[in-house]
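Inside the fold
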Amino acid sequence: QQPVQSPQAVILREGEDAVINCSSSKALYSVHWYRQKHGEAPVFLMILLKGGEQKGHEKISASFNEKKQQSSLYLTASQLSYSGTYFCGTELYKLSFGAGTTVTVRA
Amino acid sequence: DAGVTQSPTHLIKTRGQHVTLRCSPISGHKSVSWYQQVLGQGPQFIFQYYEKEERGRGNFPDRFSARQFPNYSSELNVNALLLGDSALYLCASSLAPPDRGPFIPGNTIYFGEGSWLTVV
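Here we summarise the structure given alongside this text. Just so we're clear, the structure is a prediction, and the values are computed from it rather than from any experiment. (Residues numbered from 1 in each chain as written. Chains lettered and ligands numbered in written order. Predicted model: local features only at pLDDT ≥ 70, side-chain atom pairs only at ≥ 80, totals over all residues. Heavy atoms only, no water.)

A word on the interface of chain B and chain A
Contacts between the two partners involve 23 residues from chain B and, on the opposite side, 20 residues from chain A. Note on chain B versus chain A: buried area summed over both sides is about 1800 Å², and carbon and sulfur give 64% of it. In this assembly, chain B and chain A are joined by zero salt bridges. Where chain B packs against chain A, one counts two residue pairs in polar contact (both at pLDDT 80 or more). Elements that contribute at least two residues to the side of chain B that touches chain A include exactly strand 4 (31-37), strand 5 (44-50), strand 9 (87-94) and strand 10 (110-111) of chain B. Element by element, the count of residues in the side of chain B that touches chain A is highest for strand 5 of chain B, at three residues. The residue inventory of the side of chain B that touches chain A, partitioned by class, reads twelve nonpolar, nine polar and two charged. (Contact = heavy atoms within 4.5 Å. Buried area = accessible area lost by both parts, 1.4 Å probe. Salt bridge = Lys/Arg side-chain N within 4 Å of Asp/Glu carboxyl O. Polar contact = N/O pair within 3.5 Å; in protein donor to acceptor, adjacent residues only side chain to side chain. Helix = DSSP H or I, 4+ residues; strand = E, 2+ residues; numbered from the N terminus. Nonpolar A, V, L, I, M, F, W, Y, C, P; charged D, E, K, R; others polar.)

Okay, structure coming up:
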């Protein structure tokens, strides 16, 4: 079953912060986050494992609440390069991806 | 090191035709997965192979099939193409199979650039 992402889209100015949420109806082993730019393949950002381990990338960090089966991706001091569609993937033997959150960062 | 490579990058097929997409995983990776991404949606899981065995199958019709070769490369075949099969087909590789559990870093998957299939 696919995880649910929110919001569907967000527009930021450079330097602003944003949070993208991902929730699942099933218990999860891990949550993966990817960013995809238009016309390109998804690029791995990070994986969050049960037990609270959190691995960040640049100024992007994330959290994983196992009890709530939720993950949040934090875009801090956003840069133009952060623009793209962010997907969370929830893992239980296979990765199931959400519908994505489109992030637009403007100068 | 080379990443996941896929071929062809773009192709156009006619309804009813057959297509074969190819994927070479990252060197040392033994697990290959295939995903279909329709415009505006997230990738949808099609198949996963590890050591030439199918380890998982998504909710796709039997027109979709795949296999993995001894060198861990993989092919995705789609028969009797429909207009709705038009999509980006992504191959992903990982070091470890999914059922080794969540605490092994190798479970991270890496996508190739994809094959854009247009069915007309």
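Right, picking up where we left off after that structure.
Structural notes on the sheet that holds strand 1 (residues 5-7) of chain B
Residue and element names in this part refer to chain B. Taking strand neighbours across the sheet as the criterion, the four strands line up as 1-3-8-7 in an open arrangement whose pairing is antiparallel. Edge positions in the sheet fall to strand 1 and strand 7 (64-68), since each of these pairs with one other strand and no more. Across the sheet, the mean angle separating the axes of adjacent strands is 15° when strand polarity is ignored. (Pairing = 2+ DSSP bridges. Axes fitted to C-alpha atoms, helices over the stretch in contact; angles between N-to-C directions.)

Remarks on the environment of Tyr49 of chain B
Locating Tyr49 of chain B in the fold gives a position in strand 5. When near neighbours in sequence (up to four residues on either side) are disregarded, Tyr49 of chain B contacts Lys30, Ser31, Val32, Glu54, Arg55, Ala66, Arg67 and Gln68 of chain B.

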